[in-house]
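Close look at the chain arrangement
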Amino acid sequence: MEGTNPVNKKLAAALSGGAVLVLALSGCSSGDSGDKLNSWAKQVCDAVQPQAKKIAAANTAIQKQTSDNSTPAEVQKTDSQAFQDMSDAYKAIGSAVNKAGAPDVEDGEKKKTDAVKELNTISASYGDLKKQVDDLDTKDQGKFADGLKGIATQLDKLSQSGNDALAKLEEGDVGKAMAKQESCKSASASASPTKS
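Please read these numbers as outputs of a predicted model, since none were measured by experiment.

1. Regarding the overall build of the protein
Regarding its fold elements, the protein presents seven helices and zero strands. In sequence order, the secondary structure elements of the protein are arranged as α-α-α-α-α-α-α. Looking at the protein residue by residue over its 196 residues, the buried ones come to 47%. Total accessible area on the protein stands at roughly 9,600 Å², and carbon and sulfur atoms take up 51% of it.

Shown next, in the form of structure tokens:
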């Protein structure tokens, strides 16, 4: 029996959804947007870039741990740190959007408020997952695997809700302005799977 390994792979697959979230922040369309909106986008993108790298690194750490025949204790330690890093990163992205203020578009204030609220919720959810991982029984492989399975299910939902929130922020001109920013392009590159 492979023990926790198949479950670890499921967890890794669910986690890679988190990287999609940051990709959503990078937009891919181009078009004209006002100077005010461009400077807003630059401020947000510049702040997002280091956080995107942090989230990508956390994803990579978990993927690496799951591809080895790691012990439950090793998996627990890696996952716990990764969830903490992700929690911090989403909180920082939320703060960056909040600090940048409302984008210069129709309903900009609502877009900003909704995105910040959602990002803070995601940050709290990752914090909660960290606690759940910390509480898993690493001495009982079966219980540990079951616990990871539950966490993987929650992760699937978490990445979906984050995508929805950011998609709303990026509708129309906001996405166009963000797509022009070099830092958003590189944030996207660092969060996407590595290409050879």
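2. Some points on the side chain of Lys 111
On the secondary structure map, Lys 111 appears in helix 4 (residues 108–135). If we ignore the near neighbours within four places in the chain, the residues touching Lys 111 are Val 105, Glu 106, Lys 168, Leu 169, Glu 171 and Val 174.

3. Describing helix 3 (residues 72–100)
Helical periodicity: at 3.6 residues per turn, an α-helix aligns residues three or four positions apart in one direction. In this model helix 3 runs 42 Å from its N-terminal to its C-terminal C-alpha over 29 residues, within 8% of the 42 Å that 1.5 Å per residue would give. Backbone geometry just after helix 3 places Gly 101 at a positive phi near 85°.

4. Focus: the packing of aromatic side chains
To describe a pair of aromatic rings, you give the distance between the ring centres and the angle between the ring planes. Here the structure, examined in full by the defined rule, presents two aromatic pairs. Aromatic pair Tyr 90 and Tyr 126: ring centres 5.5 Å apart, planes at 5°, arrangement stacked. One end of the pair, Tyr 90, is in helix 3; the other, Tyr 126, is in helix 4, and 36 residues separate them in sequence. Here the two residues Tyr 90 and Tyr 126 agree in accessibility, since each one is buried. Here a set of aromatic residues connected by ring pairs shows up, and it is made of Phe 83, Tyr 90 and Tyr 126.

5. Section: helix 4
In a regular helix each residue adds 1.5 Å, so 28 residues correspond to 40 Å; helix 4 covers 41 Å between its end C-alpha atoms and thus fits that length. Turning to helix 4, its buried residues number three or more, namely Gly 108, Lys 111, Lys 112, Ala 115, Val 116, Leu 119, Ile 122, Ser 123, Tyr 126, Gly 127, Leu 129 and Val 133.

6. Some thoughts on the pattern of salt bridges
Overall, the coordinates contain six salt bridges when judged by the stated rule. Among the ionic pairs, Lys 110 bridges to Asp 114, the shortest N-O distance being 2.6 Å. Of this pair, Lys 110 and Asp 114 both sit in helix 4, separated by four residues, roughly a single helical turn. Judged by its relative accessible area of 35%, Asp 114 is partly exposed.

7. Some details on the side chain of Gln 51
Summarising the element assignment, Gln 51 is placed in helix 2 (residues 35–67). Residue Gln 51 is classed as buried on the basis of its relative accessible area, which comes to 15%. With residues near it in sequence (within four places) discarded, Gln 51 still touches Asp 88, Ala 89, Ala 92 and Ile 93.

8. Brief notes about unusual backbone geometry
Even without a glycine there, the phi angle at Asp 107 is positive, about 60°. Its location among the elements puts Asp 107 in the loop between helix 3 and helix 4.

9. Some thoughts on the nonpolar core
Of all hydrophobic cores here, the largest spans 37 residues; its most connected members are Trp 40, Phe 83, Tyr 90, Tyr 126 and Met 178. Where this core is concerned, the elements lending two or more residues are helix 2, helix 3, helix 4, helix 5 (141–169) and helix 6 (173–179). Ranked by residue count, the leading element in this core is helix 2, at ten residues. Apart from the residues within four sequence positions on either side, Trp 40 is in contact with Ala 100, Gly 101, Ala 102, Pro 103, Leu 169, Val 174 and Met 178.

10. What about the confidence of the model for the protein?
Mean pLDDT over the protein stands at 79; residues scoring 70 or higher make up 73%. At the low end of the mean pLDDT range in the protein sits helix 1 (residues 5–24), at 57; at the high end sits helix 3, at 93. Within the model, the stretch residues 26–31 combines pLDDT values under 50 with 14 contacts to residues more than four positions away or in other chains. Here residues 192–196 is modelled with pLDDT under 50, and outside its nearest four sequence neighbours on either side it reaches one contact, counting other chains as well.

Calculation criteria
- Residues numbered from 1 in each chain as written.
- Predicted model: local features only at pLDDT ≥ 70, side-chain atom pairs only at ≥ 80, totals over all residues.
- Heavy atoms only, no water.
- Helix = DSSP H or I, 4+ residues; strand = E, 2+ residues; numbered from the N terminus.
- Buried < 20%, exposed > 50% of the residue type's maximum accessible area, 1.4 Å probe, protein only.
- Areas by Shrake-Rupley, 256 points an atom, 1.4 Å probe, with all protein chains shown as cover.
- Contact = heavy atoms within 4.5 Å.
- Expected span 1.5 Å × (residues − 1).
- Phe/Tyr/Trp six-rings, centres within 6.5 Å; stacked < 30°, edge-to-face > 60°.
- Salt bridge = Lys/Arg side-chain N within 4 Å of Asp/Glu carboxyl O.
- Core = buried A, V, L, I, M, F, W, Y, C linked by side-chain atoms within 4.5 Å.
- pLDDT = per-residue confidence, 0-100.

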